[in-house]
Amino acid sequence: ATLASIVDEETANTKEKPVVAGLYLNRLKVGMPLQADPTIKFSLQDFGLRRILYKHLEVESPYNTYKYAGLPPGPLRIPTIRGLDAVLNHIQGMESVLNYARHDYLYMCAKEDFSGTHNFASTLAEHSRNAQRYQKALNRRNVH
């Protein structure tokens, strides 16, 4: 439920939820912090925050997934069925079906077109390029 709640907060796009779930599961598998922006909003109790800044990442909270590895101590909200479906295993007949998308992504950044979807990346260099495009788009719109 905790991971599903993070996935739900990260994207409203139903098709993207399994990709986001797979990304977070990849991070957990390699021991990488989740670094999930929704956990920062939850830690600050500022759900309208439009831009996460470095100063926000310093908030002291067990829900701060930039400071603390692994899953936070509980869900950020009641997860949706689609969020749960994106994360959970299902048993169909005698086989287990994993709903999360299998890929090698470790990074994501909101798309610069403000579509509510993300650019995904497997390398930090690729992610940095995606982040620069998004930061420029935020600056053009004067989002603070």
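Residues numbered from 1 in each chain as written. Predicted model: local features only at pLDDT ≥ 70, side-chain atom pairs only at ≥ 80, totals over all residues. Heavy atoms only, no water.

Caption draft 1: Fine view of the layout of surface pockets. In this model, the largest pocket occupies a volume close to 1,300 Å³. Forming the boundary of the largest pocket are 41 residues, of which Asp37, Ile52, Tyr66, Ala110 and Tyr134 lie nearest the centre. If you list the elements that add at least two residues to the lining of the largest pocket, you get helix H1 (2–10), helix H2 (17–30), helix H3 (37–44), strand E3 (107–110) and helix H5 (124–140). The element best represented in the lining of the largest pocket is H5, accounting for six residues. A class-by-class count of the residues in the lining of the largest pocket yields 23 nonpolar, eight polar and ten charged. (1 Å grid on protein atoms, 1.4 Å probe; cavity = no way out; pocket = protein on both sides within 12 Å on 5 of 7 lines; lining within 4 Å. Points joined across faces, edges and corners; volume = space filled by probe spheres on them. Helix = DSSP H or I, 4+ residues; strand = E, 2+ residues; numbered from the N terminus. Nonpolar A, V, L, I, M, F, W, Y, C, P; charged D, E, K, R; others polar.)

Caption draft 2: View of a positive patch on the surface. A grouping of Arg50, Lys136, Arg140 and Arg141 is seen on the molecular surface, where their side chains present a positively charged patch. Take Arg140: it is sitting in helix H5. (Patch = residues over 30% accessible without salt bridge, like charges linked within 9 Å, V, L, I, M, F, W, Y side chains within 5 Å. Areas by Shrake-Rupley, 256 points an atom, 1.4 Å probe, with all protein chains shown as cover. Salt bridge = Lys/Arg side-chain N within 4 Å of Asp/Glu carboxyl O. Lys, Arg positive; Asp, Glu negative; His and termini not counted. Charge placed at Lys NZ, Arg CZ, Asp CG, Glu CD.)

Caption draft 3: Representation of the side chain of Ser43 in the model. Examined against the element boundaries, Ser43 turns out to sit in helix H3. A relative accessible area of 15% means that Ser43 is categorised as buried. Here the side chain of Ser43 touches Asn64 through a polar contact of 3.5 Å, landing on its backbone nitrogen. The contact partners of Ser43, leaving out residues within four places of it in the chain, are Val59, Ser61, Tyr63 and Asn64. (Buried < 20%, exposed > 50% of the residue type's maximum accessible area, 1.4 Å probe, protein only. Polar contact = N/O pair within 3.5 Å; in protein donor to acceptor, adjacent residues only side chain to side chain. Contact = heavy atoms within 4.5 Å.)

Caption draft 4: Structural context of the side chain of His56. As for its position among the elements, His56 is in the loop between H3 and helix H4 (81–87). A relative accessible area of 13% means that His56 is categorised as buried. Apart from the residues lying within four places of it in its own chain, the contact partners of His56 are Ile40, Leu44, Leu49 and Arg51.

Caption draft 5: Quick look at the pattern of salt bridges. A full pass over the atoms with the stated rule returns four salt bridges. Notably, a salt bridge pairs Arg77 with Glu9, separated by 2.9 Å at the nearest N-O pair. You can see Arg77 sitting in the loop between H3 and H4 and its partner Glu9 sitting in helix H1, a full 68 residues away along the chain. Residue Lys67 pairs with Glu60 through a salt bridge whose shortest N-O separation is 3.1 Å. Accessibility expressed as a relative area gives 54% for Glu60, which makes it exposed.

Caption draft 6: Representation of unusual backbone geometry. Even without being glycine, Phe114 reaches a positive phi, approximately 60°. Examined against the element boundaries, Phe114 turns out to sit in the loop between E3 and strand E4 (118–121). Judged by its relative accessible area of 28%, Phe114 falls in the partly exposed class. Although it is not a glycine, Asn142 adopts a positive phi angle of roughly 60°.

Caption draft 7: Structural context of the environment of Phe47. Its place among the elements puts Phe47 in the loop between H3 and H4. Residues Phe47 and Glu9, 38 residues apart in the sequence, show an inter-C-alpha distance of 10.0 Å. Not counting chain neighbours up to four residues away, the residues in contact with Phe47 comprise Lys41 and Phe42.

Caption draft 8: Representation of the packing of H1 against H2. Between H1 and H2, whose axes approach to 9 Å, the crossing angle comes to 125°. The angle between H1 and H2 places the two elements in the oblique class. Where H1 crosses over H2, the two elements pack in a sense that is right-handed. Where H1 approaches H2, its residues Leu3, Ile6, Val7, Asp8 and Glu10 are matched on the opposing element by Lys17, Val20, Ala21, Tyr24 and Leu25. (Axes fitted to C-alpha atoms, helices over the stretch in contact; angles between N-to-C directions. Parallel < 35°, antiparallel > 145°, perpendicular 65-115°, else oblique. Left-handed = near helix turned anticlockwise from the far one by under 90°.)

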